[in-house]
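For reference, the chains in residue letters:
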Amino acid sequence: MAAAERGRDGSCHFQRSRLIWMVAIIFGMILLGWVTLWPSTIPYSYLGLFGTFLNYLVEHHHKWVCYGFWISWLIHIVEALYGIKLCQAKGITDPAVQFQWFVQTLLFGYASFGLLVSYKPADKKQY
């Protein structure tokens, strides 16, 4: 099958998440990881009210912040694995494109997974 034909039949469909969601999610996951794994290195005093809030979370609710961090990664992993199955169900058969969906969903979660869920492949024409 020619590359142009594969592109039209949906087997190579990939859509990048919106940049604003990508930036927000990466920032949130990095911040959550920093608060979880290395809370003593955060310069709370330089962050103003936000630093005070982060310090409060670390001092009083660190266990719950840790749970949130690990559960969010677990959710991203499950979404990414299910995304591969969803690719196959929607006719996205190119392994490289499936890998792109996997990595994007692993990093950005529902911002990517939602695009894959909402993708409606074109009906196959019968001749």
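In case you missed it, the structure is sitting above this.
Keep in mind that this is a model prediction, so the values were computed, not measured.

Regarding a nonpolar patch on the surface
A cluster of nonpolar side chains, namely Trp34, Leu37, Trp38 and Trp70, defines an oily patch on the protein surface of about 450 Å² accessible area. Within the element layout of this structure, tryptophan 70 appears in helix α3 (residues 48–89).

So, α3
With 42 residues, α3 should reach 62 Å at 1.5 Å per residue; the first-to-last C-alpha distance of 49 Å falls well below that figure. The sharpest bend along α3 measures roughly 105° and falls at histidine 61. Two residues or fewer after α3 comes glycine 91, characterised by a positive phi angle close to 85°.

What about the environment of threonine 105?
Within the element layout of this structure, threonine 105 appears in helix α4 (residues 95–108). Judged by its relative accessible area of 0%, threonine 105 is buried. Those residues in contact with threonine 105, other than ones at most four positions away along the chain, are His76, Glu79, Ala80, Ser112 and Phe113.

What to know about the side chain of serine 72
Positionally, serine 72 belongs in helix α3. Those residues in contact with serine 72, other than ones at most four positions away along the chain, are Met29 and Leu32.

A word on the packing of aromatic side chains
A full pass over the atoms with the stated rule returns 5 aromatic pairs. With a centroid separation of 5.3 Å and 80° between ring planes, the pair formed by tryptophan 64 and tyrosine 67 is classed as edge-to-face. Placement of both tryptophan 64 and tyrosine 67 in helix α3 is noted, with a separation of 3 residues, approximately one turn of the helix. Classification of tryptophan 64 as exposed rests on a relative accessible area of 56%. What links up through ring pairs into an aromatic cluster is the set Tyr82, Tyr110 and Phe113.

Reading guide: rules and limits
- Residues numbered from 1 in each chain as written.
- Predicted model: local features only at pLDDT ≥ 70, side-chain atom pairs only at ≥ 80, totals over all residues.
- Heavy atoms only, no water.
- Patch = residues over 30% accessible without salt bridge, like charges linked within 9 Å, V, L, I, M, F, W, Y side chains within 5 Å.
- Areas by Shrake-Rupley, 256 points an atom, 1.4 Å probe, with all protein chains shown as cover.
- Salt bridge = Lys/Arg side-chain N within 4 Å of Asp/Glu carboxyl O.
- Helix = DSSP H or I, 4+ residues; strand = E, 2+ residues; numbered from the N terminus.
- Expected span 1.5 Å × (residues − 1).
- Bend = angle between axes of the 7 residues up to and from the residue.
- Buried < 20%, exposed > 50% of the residue type's maximum accessible area, 1.4 Å probe, protein only.
- Contact = heavy atoms within 4.5 Å.
- Phe/Tyr/Trp six-rings, centres within 6.5 Å; stacked < 30°, edge-to-face > 60°.

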